[in-house]
Amino acid sequence: MTYDLVVIGSGPGGYVCAIRAAQLGMKVAVVEKMKTLGGTCLNIGCIPSKALLYASEMFDEAGHGLAPLGVVVEAPKLNHAALMKHKDDTVAANVNGVAFLFKKNKIDWLKGEGRIAAPGRVAVKGADGKDMTVETKAIVIATGSDVARLPGVEIDEKTVVSSTGALSLPTPPKKLIVVGAGVIGLELGSVWRRLGSEVIVVEFLDRILPTNDAEVAKLMQRTLEKQGFAFHLGHKLAKVEATGAGVNATIEPAAGGEAKTLDADVVLVSVGRRPFTEGLGLEALGVKTERGQVIVDAHFATNVPGIYAIGDVIRGPMLAHKAEEEGVAVAELLAGQAGHVNYGAIPAVVYTSPEVASVGKTEEELKAEGVAYAVGRFPFTANGRARAMRHTDGFVKILADAATDRVLGGHIVGFGAGEMIHEIVVLMEFGGSAEDLARTCHAHPTMSEAVKEAAMAVAKRAIHI
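Residues numbered from 1 in each chain as written. Predicted model: local features only at pLDDT ≥ 70, side-chain atom pairs only at ≥ 80, totals over all residues. Heavy atoms only, no water.

Trainee: Describe the pattern of salt bridges, listing the residues and the values that go with them.
Mentor: Counted according to the given criterion, the structure contains 21 salt bridges. Put simply, Lys 175 and Asp 263 hold a salt bridge, and the shortest N to O gap is 3.5 Å. Placement of Lys 175 in strand β8 (residues 175–179) and of Asp 263 in strand β13 (residues 260–264) is noted, with a sequence separation of 88 residues between them. Residue Lys 175 is classed as buried on the basis of its relative accessible area, which comes to 18%. Judged by its relative accessible area of 45%, Asp 263 is partly exposed. Between Glu 363 and Lys 397 there is a salt bridge; the shortest N-O distance is 2.6 Å. With Glu 363 in helix α10 (residues 363–369) and Lys 397 in strand β22 (residues 395–401), this residue pair connects regions lying 34 residues apart in the sequence. (Salt bridge = Lys/Arg side-chain N within 4 Å of Asp/Glu carboxyl O. Helix = DSSP H or I, 4+ residues; strand = E, 2+ residues; numbered from the N terminus. Buried < 20%, exposed > 50% of the residue type's maximum accessible area, 1.4 Å probe, protein only.)

Trainee: Would you mind going over the pairing of strand β4 (residues 121–126) in detail, with residue names and values included?
Mentor: Of the strand pairs in this sheet, strand β3 (residues 108–118) and β4 are connected by six bridges, and their pairing is antiparallel. Following the sheet pairing, Arg 115 is matched in β4 by Ala 123. As defined by bridge partners, β4 adjoins strand β5 (residues 131–141) across five bridges and the pair is classed as antiparallel. Each bridged residue has a counterpart across the sheet, and for Lys 125 the counterpart in β5 is Asp 131. Taken together, β4 and the strand that follows it, β5, pair antiparallel across an intervening segment of four residues, in which Gly 129 is found at a positive phi of about 90°. (Pairing = 2+ DSSP bridges.)

Listed below in structure tokens is the structure:
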């Protein structure tokens with residue numbers, strides 16, 4: 001069998017790349033070893049975690065948020081089996097949707113583990129035991145990432161779990177230790193905290209959300225502490241020992257010092273992710289890598305002609321939508337078009353409650369780069385819709401170039417932040433200024449008015465504060 005393009009991996013980057021290439025007239029195949037399409041994101045990452053996050057938010061709202069609105073209900077009871085069914089049904093709907101899109105776009109799914117035998121040749125170790133080799137004009141590596149491990153800590157997905165195991169705990173643990181105060185740890189910690197777990201977070205650095213704006217991270221730490229999170233910052237996990245009742249975790253100061261032992265039912269190790277390229281045969285082919293990442297040029301090409309890479313295996317943030325944009329870009333480039341990704345306008349969202357959303361530069365990055373900038377802030381405490389919904393936690397922050405007023409970054413902490421961030425993303429995509437955003441009419445009363453007010457605040461002319 002001969003193809004124009006073979007994509008290895010069916011996650012958001014891979015399947016989107018395949019679909020766009022098929023739309024452009026290419027004959028496409030995708031190699032995927034999992035039983036369903038969609039990769040980590042759809043099966044054991046983004047999608048199931050959001051299903052649990054939403055369900056746990058509703059449980060928490062029913063238990064604590066309705067009475068002040070005059071809605072009186074009995075204390076909610078958790079049906080854990082139904083909770084997990086909701087998660088599984090959500091996953092099934094999404095992965096089945098991708099399978100439908102493959103059929104619609106006449107994309108072949110080569111079921112099995114892929115290896116690049118040579119430029120233009122992909123060997124597939126079939127899931128059914130039948131191996132095959134296909135010829136192709138181009139190969140795109142889209143194999144994503146895997147859970148990063150801690151030396152000496154064995155993950156059994158029962159009492160010591162990765163994000164995968166944390167999505168399928170049989171019951172809410174009484175006490176959960178989360179190792180890592182990044183996005184994944186705080187999101188999954190939020191799920192189980194709302195469902196009744198005591199959550200303790202151990203973080204090597206002296207702050208949470210290390211890639212976010214520092215002001216945002218400080219507010220989120222205070223907010224999560226009010227929700228019941230406990231933080232041990234500047235600490236590392238030294239050892240985990242199983243006990244009859246669960247586990248004992250030994251932690252010690254990152255800078256050195258006296259160790260202490262914490263007991264828990266479950267330990268979640270969420271210290272990041274690493275590019276997954278095992279078994280692809282890259283070393284034998286001479287494909288250059290650095291610290292596990294595949295090195296590519298501005299057109300996603302590796303140093304070996306005909307082999308390309310996108311998503312978590314290459315530079316940049318490990319975000320599903322970043323991989324999707326790269327998938328579209330490389331497909332268009334292969335078709336002779338001008339595919340491009342603007343890495344300065346890729347949003348990121350932390351789906352805690354409240355949400356954290358950002359795009360562009362942080363204050364710390366602008367200071368480090370020596371860029372003169374102006375800041376506009378507006379709190380949701382001064383927003384009418386936020387007051388009406390009792391969602392006044394958080395603020396909007398706009399960073400603009402001091403000389404040109406061009407927006408360089410946007411940061412939102414608040415209810416629905418993940419949806420509100422996109423008007424700042426669009427503005428930045430078109431090189432817009434804070435003045436452009438400030439002069440754009442926003443419906444009243446909406447949470448989004450806080451974005452307009454923050455843009456107005458850049459010029460120190462916010463109205464409602």
